[in-house]
Amino acid sequence: MQLKPTIFALSSGATPSGVAVLRLSGPDSFSVAETLSGHLPTPRMAALKSIRTRNGDLLDRGLVLCFPGPASFTGEDCIEFHLHGGRAVVDAVSRELLDLGIRPAEAGEFTKRAFENGKLDLVEVEGLGDLISAETEMQRRLAIEHTSGGLSAVYAGWADRLTRARALIEAELDFADEEDIPGSVSDQVWDDVERLKADIKTQLEATQHGAFVRNGFRVVISGPPNAGKSSLLNALAKRDVAIVTEIAGTTRDILEVDLNLEGFLVRLVDTAGLRETEDIVEQEGVRRARSAIETADLILALIPIDSDAEWNQTSVAAPVLKVGTKADLLTAPSIGYDLVISSKDGSGISALIDAITSEVRKRWNGIAAIGPGRLRHVQHLKHTSFFLEEALSGTQLDLRAESLRLAGECLGRITGRVDPDDMLGVIFSEFCIGK
Ligand SMILES: Nc1nc2c(ncn2[C@@H]2O[C@H](COP(=O)(O)OP(=O)(O)OP(=O)(O)O)[C@@H](O)[C@H]2O)c(=O)[nH]1
Ligand SMILES: [K+]
Ligand SMILES: [Mg+2]
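Residues numbered from 1 in each chain as written. Chains lettered and ligands numbered in written order. Predicted model: local features only at pLDDT ≥ 70, side-chain atom pairs only at ≥ 80, totals over all residues.

Under the annotation held in an unreviewed UniProt entry, the chain carries the name tRNA modification GTPase MnmE and is attributed to Rhizobium oryzicola. According to the UniProt record, the Subunit (unreviewed entry) comment for the chain is "Homodimer. Heterotetramer of two MnmE and two MnmG subunits." The annotation that UniProt attaches to the chain under Subcellular location (unreviewed entry) is "Cytoplasm". (UniProt positions renumbered as here; feature names shortened; annotations may be inferred.)

This is the structure in structure tokens:
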């Protein structure tokens, strides 16, 4: 293992806090920890220690843990100091570490080392990032799947199948004249490649679905100017996020507020009122509003119940809820709306939240499996299946084998491990070529 500089960082949240965890990783971790806190405890066992400067001044008393590499998070020797979580305490110990030649870690540097030392693959790294930033229960569940290696194992299994297929095809190419190679392994290989392609198609769909858990279910609030869109956003957010005035054309930028509905991230999007206008700032607002509608999972089409405006955006893909607004202004029954609300007196708001939640559920129930929802995975999976199709439809065996190789490479990019040398091992285990 290549030796890198020793780094440290505050790994717990912002100070002040009950406990602050300072983490060190790298070849000098143990010697530095010994300088500060004396004899190190048994690996992975916490010990209460006095932490002192080199002059013997007491900085704090706290727990010290050591994790010898490679069985540590980063794969390097690691130390954790569990200090009292005061800013001055953390600063004093950090200063001492700097004086001892340890440098502050860059963002993600511990995880980067874990990846470089083979402790985590890219899928697990992404899962870890998602887990740390997870705000809803569904995001947590999705992320924990991907940190614990479940998905990596699926990809690794596919990579193995591809490697095997390629090895068999190349063996057929190389040793076609020899007698002890089974007549035609091709049929069996291509059957499996066909199955793999189907598996990847399923995974691709699941991965695209994951975007909805990871990035949120986008609910776009649309309608004519002054429909009460920003008022509704504020009512749902329970705070004054958007400017509300009686002037038509108040909102121009896209405004987003996140809600957590039954464990799902729901992203509410307030938009400019749709109308023809000479004002170039408002024109840009309307353009943004239209593009928000195109990426919506659900559209709330707001129309004041005392107006004769209509929702006429016909070519949208997402489901549309027609919401009559300003219900407090009219007592007569209103028809033609899915729901009627008043942001002023709050009527209908909880029914609207129920309706949004039920749309989220509907969407969720239509999903058989869920993947990480990352564009990177989607792209690599698409490329993989492109090359599988090339391999399946090709006529020349050597070119088909090359397509399998390219497919394997695309798959390998997902986990960050492209393993070209796996080939020989498989060839030798399948055939006794050397005899
Ligand atoms: N009586 C009543 N007035 C409302 C209600 N909701 C909004 N308004 C008023 O309608 C006007 C427009 O509200 P906004 O929330 O700014 O409407 P908007 O759709 O965001 O308007 P633009 O951003 O200009 O497109 C304001 O004067 C609000 O106070 C409501 O439920 N009842
Ligand atoms: K307005
Ligand atoms: Mg507005």
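The discussion continues.
What follows is about the nonpolar core. In summary, soluble globular proteins display a tendency toward joint burial of nonpolar side chains. Formed by 41 residues in total, the largest nonpolar core has its most connected members in V219, V220, I221, V266 and L302. L10, C66, L120 and L128 belong to the second largest nonpolar core, which has 29 residues in total. (Core = buried A, V, L, I, M, F, W, Y, C linked by C-beta atoms within 7 Å. Buried ≥ 20, exposed ≤ 12 C-beta atoms within 10 Å, placed from the backbone.)

Further remarks concern the sheet that holds strand β6 (residues 103-104). Strands sit in the order β3-β4-β5-β2-β1-β6 across an open sheet of 6 strands; the sheet is mixed. Every other strand in the sheet has two partners, leaving β3 (47-52) and β6 as the edge strands with one partner each. Looking at chain direction, strand β2 (residues 17-25) and strand β5 (residues 78-85) are connected through 8 bridges and run antiparallel. Counterpart to V21 in the pairing with β5 is H82. Helix α1 (residues 29-37) contacts β2, β3, β4 (58-67) and β5 of the sheet and is inclined by roughly 80° relative to β3. (Pairing = 2+ DSSP bridges. Helix = DSSP H or I, 4+ residues; strand = E, 2+ residues; numbered from the N terminus. Contact = placed C-beta atoms within 7 Å. Axes fitted to C-alpha atoms, helices over the stretch in contact; angles between N-to-C directions.)

Right, let's get into the UniProt feature "binding site: K(+)" (unreviewed entry) in the chain. Per the UniProt record, "binding site: K(+)" (unreviewed entry) is found at N226, T245, I247 and T250. A stretch of 25 residues holds the annotated residues, and the largest C-alpha distance among them is 8.2 Å, short enough that they meet in one place. Its location among the elements puts T245 in the loop between α8 (229-237) and β8 (255-261). Classification of T245 by C-beta neighbours within 10 Å gives exposed; the count is 10.

Its 15 residues give helix α9 (residues 280-294) an end-to-end C-alpha distance of 21 Å, which sits within 8% of 21 Å, the value for a rise of 1.5 Å per residue. Within α9, burial applies to E282, G285, V286, A289, A292 and I293. Buried residues along α9 cover an arc of 120° about the axis, so they all sit on one side. Exposed residues lying more than 90 degrees from the buried face of α9 are I280, R287, S291 and E294. Looking at the buried positions of α9, the neighbouring elements they touch are β7 (217-222), β9 (264-270) and β10 (298-304). (Expected span 1.5 Å × (residues − 1). Arc of directions from axis to C-beta.)

Of all the 7 residues making up β10, 5 are buried; the element is thus mostly covered by neighbouring parts of the structure. Direction of pairing for β7 relative to β10: parallel, over a ladder of 4 bridges. Within β10, the position partnered with S222 by the bridge is A301. Where β10 and strand β11 (residues 320-325) come together, 6 bridges link them in parallel fashion. Bridge pairing in β11 links L302 to V323.

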